[in-house]
Amino acid sequence: MTNKERFIHNMHQSRTAHIRWVNSIKLLMSGINVDESDICVNALESEFGKWFYNEAMLFSLGSSRMVLEDIEMIFISMHDKYTKIYPIYFGKQKKNLLGNILGRKSNISDYEKEFSERYYEEIVVLSDKLKHKLRILEAQMMSITEDRFDEYSHFTENEPIKAIHLKIPEPEANETSYYHGARSRG
């Protein structure tokens with residue numbers, strides 16, 4: 001797999017992870033038990049966020065800067081909306097653990113359910129915009145040469161950074177002046 005294919009494949013994988021994230025929110029709101037870790041609240045810790053800030057942002061120096069800015073705004077906005085839904089479902093679950101054991105349903109009010117449904121609808125609209133922007137980014141990536149991807153790949157490889165050893169010349173034996181730094185005059 002070439003570096004170009006790898007970058008595009010990683011983009012597809014992150015898009016799929018984003019779709020799973022949105023679908024998990026839908027399942028949560030439908031009353032299906034969803035593991036809290038499946039719906040990451042922190043945008044930077046999500047699979048999409050990791051890809052976006054570690055790989056996609058490499059393309060911000062080129063012609064993709066504008067589309068990446070749009071993707072970032074949409075992505076952050078979606079997570080902001082989810083932070084309003086999260087406490088309704090996961091905060092209540094912890095409080096209602098005893099009620100669930102006794103067979104009672106969740107204590108989410110009609111108002112909270114309607115409130116979270118509105119935010120979910122906004123997330124879906126933003127998700128569609130995000131997927132559209134990802135298609136634009138993919139088209140831009142397809143137009144980039146393989147050589148450029150080879151350059152970008154150096155920033156994503158987990159190789160240890162090699163120490164740079166500078167050789168400082170030894171003063172010559174016949175040198176009579178003493179060097180006092182940048183302001184000294186020999």
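Residues numbered from 1 in each chain as written. Predicted model: local features only at pLDDT ≥ 70, side-chain atom pairs only at ≥ 80, totals over all residues. Heavy atoms only, no water.

The subject of this paragraph is the overall build of the protein chain. When its secondary structure is counted, the protein chain shows six helices and zero strands. In sequence order, the secondary structure elements of the protein chain are arranged as α-α-α-α-α-α. Burial analysis of the protein chain (186 residues in total) assigns 33% to the buried set. Here the contacts in the protein chain between residues at least 6 apart in sequence split such that 78% fall between residues at least 24 apart. Put simply, the protein chain shows about 13100 Å² of open surface, and 54% of that area lies on carbon and sulfur atoms. (Helix = DSSP H or I, 4+ residues; strand = E, 2+ residues; numbered from the N terminus. Buried < 20%, exposed > 50% of the residue type's maximum accessible area, 1.4 Å probe, protein only. Contact = heavy atoms within 4.5 Å. Areas by Shrake-Rupley, 256 points an atom, 1.4 Å probe, with all protein chains shown as cover.)

Enumeration over the complete set of coordinates arrives at seven salt bridges. The salt bridge involving lysine 81 is made with glutamate 122; its shortest N-O contact spans 2.9 Å. Of this pair, lysine 81 sits in helix α3 (residues 65-95) while glutamate 122 sits in helix α5 (residues 110-142); the two residues are 41 residues apart in sequence, bridging distant segments of the chain. Among the salt bridges present, the one from lysine 113 reaches glutamate 117, with a minimum N-O distance of 3.8 Å. Taken together, the residues span about one helical turn, with lysine 113 and glutamate 117 both in helix α5 at a distance of four residues. Residue class for lysine 113 comes out partly exposed when judged on its relative accessible area of 32%. On the accessibility criterion, glutamate 117 (34% relative accessible area) is partly exposed. (Salt bridge = Lys/Arg side-chain N within 4 Å of Asp/Glu carboxyl O.)

Bringing the side chain of lysine 81 into the picture now. The class for lysine 81 is buried, based on a relative accessible area of 19%. Not counting the four nearest positions on each side in its chain, lysine 81 is found in contact with Tyr119, Glu122, Ile123 and Leu126.

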